[in-house]
Amino acid sequence: MIENGETILEVKDLHISFKTDSGQLKAIRGVNLELKKGETIAIVGESGSGKSVTTKAIMGILASNGSIDSGQIQYRWTDEFTHEDKSCDLCQVSEEFMQKEIRGRKIAMVFQDPMTSLNPTMTIGNQVMEPMIHHYHKTKEEAYAKAVELLKEVGIVDAEKRMKNYPHQLSGGMRQRIVIAIALSCDP
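Below or above, wherever it landed, is the structure these notes cover. This structure is a prediction, so every number in the text was calculated from the model and none was measured.

**So, the pairing of strand E4 (residues 85-89)**
Reasoning step 1: With 5 bridges joining them, strand E3 (residues 66-78) and E4 adopt antiparallel strand pairing. The residue of E4 that forms the bridge with Gln74 is Asp89.
Reasoning step 2: Adjacent in sequence and paired antiparallel, E3 and E4 are bridged by 6 residues, among which His83 carries a positive phi angle near 65°.

**A few points about the side chain of Asn165**
Reasoning step 1: Along the polypeptide, Asn165 turns up in the loop between helix H6 (159-162) and helix H7 (172-184).
Reasoning step 2: A polar contact of 3.0 Å, which involves the side chain of Asn165, links it to the side chain of Arg162.

**Re the packing of aromatic side chains**
Reasoning step 1: Applying the stated criterion across every chain yields a total of 2 aromatic pairs.
Reasoning step 2: Relative to Trp77, the ring of Tyr75 has its centre 5.2 Å away and its plane inclined at 15°; by these criteria the two rings are stacked.
Reasoning step 3: Given a relative accessible area of 7%, Tyr75 falls into the buried group.
Reasoning step 4: The exposure class assigned to Trp77 is buried, which follows from its relative accessible area of 8%.
Reasoning step 5: By the ring-pair criterion, three or more aromatic residues cluster together here, those being Tyr75, Trp77 and Phe97.

Calculation criteria
Throughout, a residue's number is its position along its own chain's written sequence, starting from 1. Only residues with pLDDT of 70 or above have their local features reported here, since the model is predicted, and side-chain atom pairs are shown and tallied only from 80 upward, although totals for entire chains, interfaces and linings are computed over all residues. As a rule here, side-chain values cover all heavy atoms of the structure and leave hydrogens and water aside. Two strands are counted as paired when DSSP detects at least two bridges linking them. Per the convention used, a helix needs a DSSP run of H or I reaching at least four residues, while a strand needs a run of E reaching at least two, with both numbered from the N terminus. N or O atoms within 3.5 Å of each other form a polar contact, as long as, within protein, one can give a hydrogen and the other can take it, and as long as residues adjacent in sequence are counted only when both atoms are side-chain atoms. Whether two aromatic rings pair depends on their centres lying within 6.5 Å, for rings of Phe, Tyr and Trp, where Trp uses its six-membered ring; planes under 30 degrees apart make the pair stacked, over 60 edge-to-face, and the rest tilted. Between buried and exposed lies partly exposed: a residue is buried under 20% and exposed over 50% of the maximum accessible area for its type, with that area taken using a 1.4 Å probe on protein chains only.

Rendered as structure tokens:
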């Protein structure tokens, strides 16, 4: 079992580029960071410095014209079923593995702009419930109950009513809280 203070995420000498009409743009050059269990880190920098690109690389959601040219993203976790410690280089795993095992389930991301993160055609409730149904095969009733609980935890007043709302019906602050609830829905 991975203990507090042990490294769970280590980015080593990460280099990322993007193909553009003008040629290859080297966007990230030599990023290193380490995150230990129980620790919180902040990635700060001016606009365009690569914060979002770095975190999207960790999540495996770079734009289609982006590529990791070199480096490693080592991730360690304890399997919730076997209780074995596992490790992999997220740069080397398949999209299927990222989608099924890592994204949302082990690592979640809260995007800056909730309006572009939320699906305008789905209710808030369905968007909070979806990861739980997909990753943990919860029934709709189980997912609904947990979604209401999560909305309350992030400070959404009248959570059951808000489950039926669409993103455009909520304030910017409420939408941001919804995105946080979605990120927390699978207990990453």
